[in-house]
Each structure stands twice: as structure tokens, then as C-alpha cells.
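# Report on the structure
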Amino acid sequence: MAKKRVQKPTKQKPSAQRKVSPVRTDSRLAERLRYFEDRREQMVETVRQLVEIESPSDDKKAVDQIAALLAGRFERLGGHSKFHRTQNFGDHLQVDFAGKRGGKPILLLGHYDTVYPIGTLKTMPCRIADGRIWGPGTLDMKSGIAMMLHAIEGLRAWHEDTMPRPVTVLLVSDEEVGSDTSRHVTESLAKRSEAVLVLEPSYGLRGVVKTARKGVAEYSFKVTGIAAHSGLDFEKGESAVIELARQIPVISKLTELKRGLTVNVGLIQGGTRTNVIPAEATASIDVRIVALKDAAGIDKKLRALKPFNRKCKIEVKGGLNRPPMERNAGVVSLYKRAVEIASQLGWKLEEAAVGGGSDGNFTAGLNIPTLDGLGGVGEGAHAVNESILLSELPRRAALLARLLETL
């Protein structure tokens, strides 16, 4: 996802959710951390292997390749793999693990698609240097997938080759392009789950988890005018480009920073030739909201805009793509559990609200307790400096494993 902006979390009134019981101090936790520290090189190798299988969202063959590899890895750990087939995107991978005790599973959520086209590795190779592993997708979010694999492997080793509780893994192929084909799968599995742990990257080099995310709405704003020859019949034309240019400042003023509501006209197109009065112009609009209640209001304002030139017409399409992940009681309960475990592991786990969305928005929007940003610690997502800190891999895996043991 795009670079994210930290924002003070919006506190909500506690919703009716089953709270998680307090963590009991476990003297074995230090031993569990050492287990992952001893296997750090194996974790690094897993990340490297995944990064070196390029998997851009728009290349089904490439994405299906990494999906097949991961299905095999999870099955060797005792999971039952199932593919949710898609035609134009890679298949989505679901892996179910039975547990010693019954009840609803914990859903581990992530994606294996990246924003990088095939061939990126030639100019941005996967490499280890300066205490980091660098390369496309290291942070967002192949390191998170590696943590899933190794946390599950550790749990099975500690619990007589089984899992302490049921766990479902869902890795989707289209998160970076809106999750249109996977959303129904994500929401269906979330409804059957006790809680959702999202292995998207943490925020910043301090490894902050995400307890709130903005919702995302996308709109297409189209203006239709009247074409005419710019030399012979100039006065007969009605420029859609001029109309759109007058509308853009009006649209931009719908931003309300104090409410955390932003409206960005990010892409404009119009016209056919310089000697033709343009009959059509379009703008793509990105809207971010902190609270779900703001979605209807901004939608109404955009659709109520009227043309300055009455001979032009306006058409607005689109709407909310991802609901906001609001910091409700279920989110806070999971965060407090994670804070207690991190404290026992020797560090302070902080939280943040961010502007970017993830598939965790969908699960939180269903009122399922969700904690996001449990994945890799690093920087440069979607950029040439994308990398993760090697030193953080063991304790993030230990945190994930302990969450699965105690939830």
C-alpha cells in the first residue's frame, strides 16, 4: 500500500465483543524466543526464497507459482490447503490447521501479491547487508508470510506435532489492487473466526502495530461537454476540461483535516487533440475517512456537485472500497494482549493509526477483533529501499506464536 501517515487513534465507544482473558506469565517464553533466535537464518532464507519469486498482482501465472509453493510449505506443517480460484488474478490460498482444543479458529491474514513488475529483481536484487534483507516485497509483505510459517512450525514443535488451537491462514493475490476478487473470501472466513491477526508490515522502525486504519473510497468524476473545431467553430464548443478544472478546487475543499477526512484528485484526463474543444474529461478521486459515519456524507457532497457551465454534464461513480478499521473494544483487547506478551519478551509494543488500508479493514468492519501490523519491521514499502531488520524476525515470530497460544 501507499506510504502511510500516522494519526492519533480515534477512540470509539466500546462495542459488544468478547474480551480476551489476561495473559499469565510463562517462564517458558524466554525459551520460546531463543527457539526463533536459533532459527533466524532459516527465517531469513524463507524470506529470500519468497522475495525471489516475483509476484505482481497483474501476473496470474507468477502469483499462482508462489501460491503453490506456499501451499506445499503449509501442508508439510500439517495444514489442509484449499485454493479459491480466480480467472484474472492469482488464486487465493486458504490453509486450515486443526487444534488440540475446539472453538473458532484464529485467522492469519495476508497477501502474496506485490506492486513490482516482473524483472524488478534485475535492478533491485534480494540481498543481505547492514543488518537487513533488501528487495521487492521484503517488507510488504513476504516477511510476514515467513513469520506465519515459522510461528506455526514452532507451535507444532512445542505441542506434540499439533496446534494448540485451530488456525486458518488466508493469503490473497489482489490486495495491492483493491481486493475485489478476494474480499468475499476474507469476510466469509472472518465471520467464522475468533479474531484476526494481520501480518502486514508494522509501522516504522520501532515496529508499531496498527490499531486503526482509515477507510478508503474511490470515485470517478466525469465531465461531458460539446466537441467543436478549435479554429473553425470555437464558440460552438463547451470544454469539459475547463469545467473539470473549475470543479477540482471545489472537490479539494471537501477535505476536513480535523476530522481525518481527505479528498485527493490524483489523476486527470481529457481531450483528444489540441485543435478540438474537449468533449470529455475525467478525474480519479481518492477519499480517506477515519469513521464509517463520514462515508455517506462525503458521498452525498460529491454527487451533489453541479456544473458551472450548464451545457456540461457531470457523472460521479464509485464509493467506499474499504471501511475504516476503527479502534474499538475488540481491537484494544487484542492490542493489550500483544503488549503484555511483548513486555515479557523485553520490549514496549506501541500502537498507531495510519492512513493506508489493508484487508484488516474488512474484518474489523465486520466487528471481528482485529490487530494489524504484526509483520516485518523495516521501511521503504513499494520503494527501491524496501527492507526489513533481521534482528526483529525472531521476536516478531515469538509474539505471533504466543498470541496463537494464548488467545
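Every residue gets a number counted from 1 within its own chain, in the order that chain's sequence is written. Local features in this predicted model are restricted to residues of pLDDT 70 or higher, and side-chain atom pairs are both shown and tallied only at a pLDDT of 80 or more, whereas totals for entire chains, interfaces and linings draw on every residue. Side-chain metrics rest on all non-hydrogen atoms present in the structure, leaving aside hydrogens and water.

## What about helix H11 (residues 393-406)?
Structural remark: α-helix, 3.6 residues per turn; residues separated by three or four positions point the same way. For clarity, the cut-off: A helix here means a DSSP run of H or I that spans at least four residues, while a strand means a run of E at least two residues long, and both kinds are numbered starting from the N terminus. What a helix is expected to span follows from its residue count: subtract one and scale by 1.5 Å. Type-normalised accessible area, obtained with a 1.4 Å probe on protein chains alone, sets the label of each residue: buried when under 20%, exposed when over 50%, and partly exposed for intermediate values.
Along its 14 residues, H11 runs 20 Å from first to last C-alpha, staying within 8% of the 20 Å computed at 1.5 Å per residue. For H11, the tally of buried residues reaches 13 of 14 residues, placing the bulk of the element in the interior.

## With respect to the sheet that holds strand S3 (residues 92-97)
Convention followed: Should DSSP find at least two bridges between two strands, the strands are regarded as paired. Throughout, a residue-residue contact means that at least one pair of heavy atoms, one from each residue, lies within 4.5 Å. The angle between two axes is taken between their N-to-C directions and runs from 0 to 180 degrees, where each axis is a line fitted to C-alpha atoms and a helix contributes only its stretch in contact.
Judged by pairing direction, the sheet is mixed, and its 6 strands sit side by side in the order S2-S3-S7-S4-S8-S17 without closing on themselves. Here the strands that pair on one side only, and so sit at the sheet edges, are strand S2 (80-84) and strand S17 (370-371). In the packing of helix H6 (residues 183-191) onto the sheet, the strands contacted are S2, S3, strand S4 (106-111), strand S7 (167-172) and strand S8 (195-198), and the crossing angle to S7 comes to about 170°.

## Describing the packing of aromatic side chains
For clarity, the cut-off: In this analysis, rings of Phe, Tyr and Trp, with Trp reduced to its six-membered ring, are considered paired at centre separations within 6.5 Å, and the interplanar angle assigns stacked below 30 degrees, edge-to-face beyond 60, and tilted for intermediate values.
Under the definition given, this model contains 4 aromatic pairs. On the basis of an interplanar angle of 75° and a centroid distance of 5.2 Å, the ring pair of Tyr-35 and Trp-158 is categorised as edge-to-face. Taken together, the residues Tyr-35 in helix H1 (residues 29-38) and Trp-158 in helix H5 (residues 138-158) connect sequence positions 123 residues apart. On the basis of relative accessible area, Tyr-35 is assigned to the buried category, the value being 13%.

## Digging into the environment of Pro-278
Within the secondary structure layout, Pro-278 lies in the loop between strand S13 (276-277) and strand S14 (280-289). Its relative accessible area of 13% is what places Pro-278 among the buried residues. In sequence terms Pro-278 and Thr-224 are 54 residues apart; their C-alpha atoms lie 8.6 Å from each other. Discounting residues that sit within four places of it in the chain, Pro-278 has contacts with Glu-238, Ser-239, Ala-240, Val-241 and Gly-271.

## Focus: the pattern of salt bridges
Basically, it comes down to this: Note on definitions: salt bridges are taken to be side-chain nitrogens of Lys or Arg within 4 Å of carboxyl oxygens of Asp or Glu.
One pass over the structure, following the stated rule, counts 25 salt bridges. For Arg-32, the salt bridge goes to Glu-405, with nearest N and O atoms at 2.6 Å. Note that Arg-32 is positioned in helix H1 and Glu-405 in helix H11, a separation of 373 residues in sequence. Residue classification places Glu-405 among the buried positions, given a relative accessible area of 10%. Close ionic contact of Glu-256 with Arg-259 constitutes a salt bridge, the shortest N to O distance being 3.7 Å. With a relative accessible area of 30%, Glu-256 lands in the partly exposed category. Of the residues examined, Arg-259 reaches a relative accessible area of 40% and is grouped as partly exposed.

## As for the environment of Ala-228
Assignment of secondary structure puts Ala-228 in strand S11 (residues 228-229). Remark: the alpha-carbon pair of Ala-228 and Asn-275, spanning 47 residues in sequence, is separated by 8.6 Å. Residues within four places of Ala-228 in sequence aside, it is in contact with Asp-233, Lys-236, Gly-237, Asn-275, Val-276 and Ile-277.

## With respect to the sheet that holds strand S19 (residues 387-389)
If you trace the 4 strands from one edge of the open sheet to the other, you get S5-S6-S19-S18, paired in antiparallel fashion. Two strands close off the open sheet at either side, each with one partner strand: strand S5 (127-129) and strand S18 (378-379). Bridge count between S18 and S19: 2 bridges; the pairing is antiparallel. When the sheet's bridge partners are listed, Gly-378 is paired in S19 with Ile-388. Its contacts with the sheet place H5 against strand S6 (132-134), S18 and S19, and it is angled at close to 50° to S19.

## Overview of the nonpolar core
What counts, and what does not: Buried Ala, Val, Leu, Ile, Met, Phe, Trp, Tyr and Cys residues that are joined via side-chain atoms within 4.5 Å together make up what is termed a nonpolar core.
Core analysis: the largest hydrophobic core is formed by 65 residues, its most contacted members being Leu-70, Phe-74, Leu-108 and Leu-197. In terms of residue count, the dominant contributor to this core is H5 (10 residues). Those residues in contact with Leu-70 that sit more than four places away from it in its chain are Leu-50, Leu-93, Tyr-112, Ile-145, Leu-149 and Leu-171. Counting 22 residues, the second-largest nonpolar core is a separate cluster that includes Ala-217, Leu-261, Val-265 and Cys-312.

## Observations concerning the confidence of the model for the protein chain
Predicted coordinates in areas of low pLDDT are best not read in detail. Convention followed: Every residue gets a pLDDT, meaning the predictor's confidence in that residue, from 0 to 100.
On average, residues of the protein chain score 93 in pLDDT, and 93% of them are at 70 or above. Contacts for the low-pLDDT stretch residues 1-23, under 50 throughout, to residues beyond four places or in other chains number 54 contacts.

## Examining the side chain of Asp-359
Inclusion rule: Here a polar contact is taken to be a pair of N or O atoms separated by no more than 3.5 Å, where protein atoms must pair a possible hydrogen donor with a possible acceptor and residues adjacent in sequence count only if both atoms sit in side chains.
Note on placement: Asp-359 falls in the loop between strand S16 (351-354) and helix H10 (360-365). One polar contact links Asp-359 to Arg-322, side chain to side chain, over a distance of 2.7 Å.

## Points about the environment of Arg-34
Relative to the helices and strands, Arg-34 resides in helix H1. Residue classification places Arg-34 among the partly exposed residues on the basis of a relative accessible area of 46%. As a C-alpha pair, Arg-34 and Arg-395 span 361 residues in sequence and 9.0 Å in three-dimensional space.

## Examining helix H8 (residues 293-303)
The cut-off we apply is this: The reported arc concerns the directions from the helix axis to the C-beta atoms and nothing else.
Those residues of H8 that sit buried are Asp-294, Ala-295, Ile-298 and Leu-302. Down the axis of H8, the sector holding all buried residues measures 105°, keeping them to one side. Those residues of H8 that are exposed and aimed more than 90 degrees away from the buried face are Lys-293, Ala-296 and Lys-300. Turning to H8, the residues buried within the fold contact strand S10 (215-224), helix H7 (240-252), strand S12 (262-270), S14 and strand S15 (313-322).

## Comments concerning unusual backbone geometry
With omega at -5°, the peptide bond leading from Asp-140 into Met-141 counts as cis. Unusually for a residue other than glycine, Glu-160 sits at a positive phi of about 55°. Structurally, Glu-160 can be placed in the loop between H5 and S7. Residue class for Glu-160 comes out exposed when judged on its relative accessible area of 69%. In the Ramachandran plot, Ser-179 falls in the positive-phi region, its phi being about 65° despite a non-glycine side chain.

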